[in-house]
Amino acid sequence: MEYTNISCEVTGAVARVELRRSPVNALGQAAYRELAHVFQHIDDVAPGARVVVLSSQGDHFCAGNDLQEFTELAPDNAAERMLEVREAFFAISRCPLPVIGAVQGAALGSGIALAASCDFVIASDDARFGVPELNVGVLGGARHLSRLVPEPVLRWMYFTSDPVPVTRLVSYGALITVVDRSRLREEVLKLATHVARHSASSLRYAKQALNMIEPMPLEEGYVYEQGLTVEFCAHPDSREAINAVVERREPRYAHLT
């Protein structure tokens with residue numbers, strides 16, 4: 001698939017998927033289709049990558065949906081369009097590799113859903129988050145926002161539709177860290193590289209486990225994790241990890257998967 005709204009580049013073990021929808025990276029249907037494709041086919045698009053960074057060019061991460069396309073939304077086309085929208089978000093969260101969001105400027109509506117679909121987020125000090133859905137006559141984004149903030153805060157943000165500065169959201173644990181805008185790219189790549197020091201197989205098992213246990217009760221979730229341990233402990237990367245710890249050395253992974 002040829003991408004016109006996004007790009008995907010690989011440096012070492014880190015793939016960088018970047019929105020390129022100037023000036024504010026508002027998403028149209030074509031952009032949603034491209035996002036779904038790149039994350040559904042990340043092994044083909046970014047061979048050798050062990051971590052993905054989702055970022056945007058320009059001053060803003062994503063200011064929401066393309067409002068011009070919203071004017072064309074109607075009962076006879078809404079279901080098909082909503083399917084494409086959610087498939088993009090689901091593809092990010094289902095990506096077999098860890099996905100780190102790098103947010104600057106506005107993350108509104110669909111921008112929040114993109115960020116919350118990542119495994120975790122690092123943001124610049126000028127970032128702001130909001131769910132202006134009621135302002136534009138639609139619904140959505142609340143369930144994704146619930147991964148970032150407590151329910152009362154979610155409802156306050158939803159009913160007011162007001163953007164919230166990153167300095168306030170960080171207190172709820174919504175973000176891993178906040179950095180100066182000029183250092184965002186550097187810091188997120190540093191963090192991605194740190195995560196990528198693990199073997200590809202261990203990261204994939206971990207991503208599978210975390211996705212599956214998120215909605216589970218504690219006991220059921222832990223049983224699931226233990227089941228993956230039973231499976232993974234036979235993998236050479238598992239043996240190498242424990243041997244490296246015992247021998248007090250850096251692991252030397254021979255297998256990428």
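As shown above, the structure is provided for reference.
Analysis parameters
Each chain carries its own residue numbering, running from 1 in the written order of its sequence. Selection of residues for local features in this predicted model requires a pLDDT of at least 70, selection of side-chain atom pairs for listing and counting requires 80 or more, and totals for whole chains, interfaces and linings are taken over all residues. Values shown for side chains rest on all heavy atoms present in the structure; no hydrogens or waters enter the calculation. Helix and strand definitions follow DSSP, with helices as H or I runs of at least four residues and strands as E runs of at least two, each counted in order from the N terminus. It only takes one pair of heavy atoms within 4.5 Å for two residues to be counted as in contact. Any pair of Phe, Tyr and Trp rings, taking the six-membered ring for Trp, is counted once the centres come within 6.5 Å. Such a pair is stacked with planes under 30 degrees apart, edge-to-face with planes over 60 apart, and tilted for the rest. Note on exposure labels: buried denotes an accessible area under 20% of the residue type's maximum, exposed denotes more than 50%, and partly exposed covers the range between, all computed with a 1.4 Å probe on protein chains only. The arc in question is the one spanned by the directions pointing from the helix axis to the C-beta atoms. Here the nonpolar core consists of buried residues drawn from Ala, Val, Leu, Ile, Met, Phe, Trp, Tyr and Cys, with membership extended through side-chain atoms lying within 4.5 Å. Being paired, for any two strands, means DSSP has found at least two bridges between them. Between the N-to-C directions of two axes lies an angle of 0 to 180 degrees, each axis being a line fitted to C-alpha atoms and, for a helix, fitted only over the stretch in contact. One side-chain nitrogen of Lys or Arg within 4 Å of one carboxyl oxygen of Asp or Glu is enough to make a salt bridge. Residues are called lining when one of their atoms sits within 4 Å of a cavity or pocket point, these points coming from a 1 Å grid over the protein atoms alone, where a cavity is a set in which a 1.4 Å probe fits but cannot get out and a pocket is an open set with protein on both sides within 12 Å along at least five of seven lines. Grid points are joined across faces, edges and corners, and a volume is the space filled by probe spheres set on the points. Following the grouping adopted for this structure description, the nonpolar residues are Ala, Val, Leu, Ile, Met, Phe, Trp, Tyr, Cys and Pro, the charged ones are Asp, Glu, Lys and Arg, and the polar ones are all others, Gly among them. When an angle is under 35 degrees it counts as roughly parallel; over 145 it counts as roughly antiparallel; between 65 and 115 it counts as roughly perpendicular; any other value is oblique. Handedness of each helix crossing follows the sense of rotation of the near helix against the far helix: counterclockwise by less than a right angle gives left-handed, clockwise gives right-handed.

(A) Geometry of the environment of Ile-122. Assignment of secondary structure puts Ile-122 in strand 6 (residues 120–124). Distance from Ile-122 to Gly-101, taken between C-alpha atoms, is 6.2 Å for residues 21 residues apart in sequence. Setting aside anything within four residues of it in sequence, one finds Ile-122 in contact with Ile-100, Gly-101, Ala-102, Val-103, Thr-177, Val-179, Leu-184, Glu-187 and Val-188.

(B) Up close: the packing of aromatic side chains. Tallying each qualifying case throughout the model produces two aromatic pairs. Aromatic side chains Tyr-32 and Phe-89 sit 5.9 Å apart centroid to centroid with 90° between the ring planes, which places their arrangement in the edge-to-face category. Here Tyr-32, found in helix 1 (residues 29–40), pairs with Phe-89, found in helix 4 (residues 75–94); they are 57 residues apart in sequence, far enough to count as distant. With relative accessibility at 0%, the residue Tyr-32 sits in the buried group. Ring geometry for Tyr-205 against Phe-232: centres 4.7 Å apart, planes inclined by 40°, an arrangement best described as tilted. Taken as a pair, Tyr-205 in helix 10 (residues 200–213) and Phe-232 in helix 11 (residues 218–232) lie far apart in primary sequence, 27 residues in all. Grouping residues by exposure puts Tyr-205 and Phe-232 together as buried.

(C) Local environment of helix 12 (residues 236–246). All of the buried residues in helix 12 are Asp-237, Ser-238, Glu-240 and Ala-244. The buried residues of helix 12 occupy an angular sector of 165° when the element is viewed end-on, so they sit on one face. Buried residues belonging to helix 12 abut helix 10 and helix 11.

(D) Focus on the nonpolar core. Ranked by internal contacts, the top residues of the largest apolar core, which has 52 residues, are Leu-35, Phe-39, Val-52, Leu-54, Val-103, Leu-114 and Phe-129. When residues in this core are grouped by element, the largest group, six residues, is from helix 1. Once you skip the residues sitting within four places of it in the chain, Leu-35 turns out to touch Ile-6, Val-17, Leu-19, Leu-27, Leu-54, Ala-88 and Leu-114. Residues Val-51, Val-53, Ala-102 and Ala-192 belong to the second largest nonpolar core, which totals 14 residues.

(E) Seen up close, the sheet that holds strand 4 (residues 99–103). Pairing within the open sheet is mixed, and its six strands lie in the order 1-2-3-4-6-9. Looking at the sheet topology across the chains shown, the edges are occupied by strand 1 (6–11) and strand 9 (177–179). The mean angle between the axes of side-by-side strands here comes to 20°, regardless of whether they run parallel or antiparallel. In terms of strand pairing, strand 6 meets strand 9 through three bridges, oriented parallel.

(F) Main features of the pattern of salt bridges. The full count for this structure, using the stated rule, is 14 salt bridges. One salt bridge in this structure joins Glu-214 and Arg-147, with 2.9 Å as the shortest N-O distance. Pair noted here: Glu-214 is in the loop between helix 10 and helix 11 and Arg-147 is in the loop between helix 6 (142–145) and helix 7 (151–160), with a separation of 67 residues, a long-range link. Put simply, Arg-183 and Glu-187 hold a salt bridge, and the shortest N to O gap is 2.9 Å. Overlapping salt bridges bring together Arg-16, Glu-18 and Arg-20 as one network.

(G) Quick look at helix 5 (residues 110–117). Of all eight residues that make up helix 5, eight are buried, and the element is covered over most of its length. Ser-110, Gly-111, Ile-112, Ala-113, Leu-114, Ala-115, Ala-116 and Ser-117 are the residues of helix 5 that are buried.

(H) Quick look at empty space enclosed by the protein. Counted according to the given criterion, the structure contains one cavity of 30 Å³ or more. Its volume calculated, the largest cavity comes out at about 70 Å³. Lining of the largest cavity is provided by Leu-27, Gly-28, Gln-29, Tyr-32, Asn-65, Asp-66, Glu-69, Phe-70, Leu-73, Arg-81, Met-82 and Val-85. Counting only elements with at least two residues in the lining of the largest cavity, the list comes to helix 1, helix 3 (67–70) and helix 4. Looking at the lining of the largest cavity element by element, the count peaks at three residues for helix 4. For the lining of the largest cavity, the per-class residue count stands at six nonpolar, three polar and three charged.

(I) The arrangement of the packing of helix 10 against helix 11 in detail. Contact geometry of helix 10 with helix 11 gives a least axis separation of 9 Å together with a crossing angle of 160°. With respect to their mutual orientation, helix 10 and helix 11 come out roughly antiparallel. Crossing geometry of helix 10 relative to helix 11 is assigned as right-handed. Packed against helix 10, whose contacting residues are Ser-201, Ser-202, Tyr-205, Gln-208, Ala-209, Met-212 and Ile-213, the element helix 11 presents Gly-221, Tyr-224, Glu-225, Leu-228, Glu-231 and Phe-232 at the interface. Residues of the contact of helix 10 with helix 11, tallied by class, amount to seven nonpolar, four polar and two charged.

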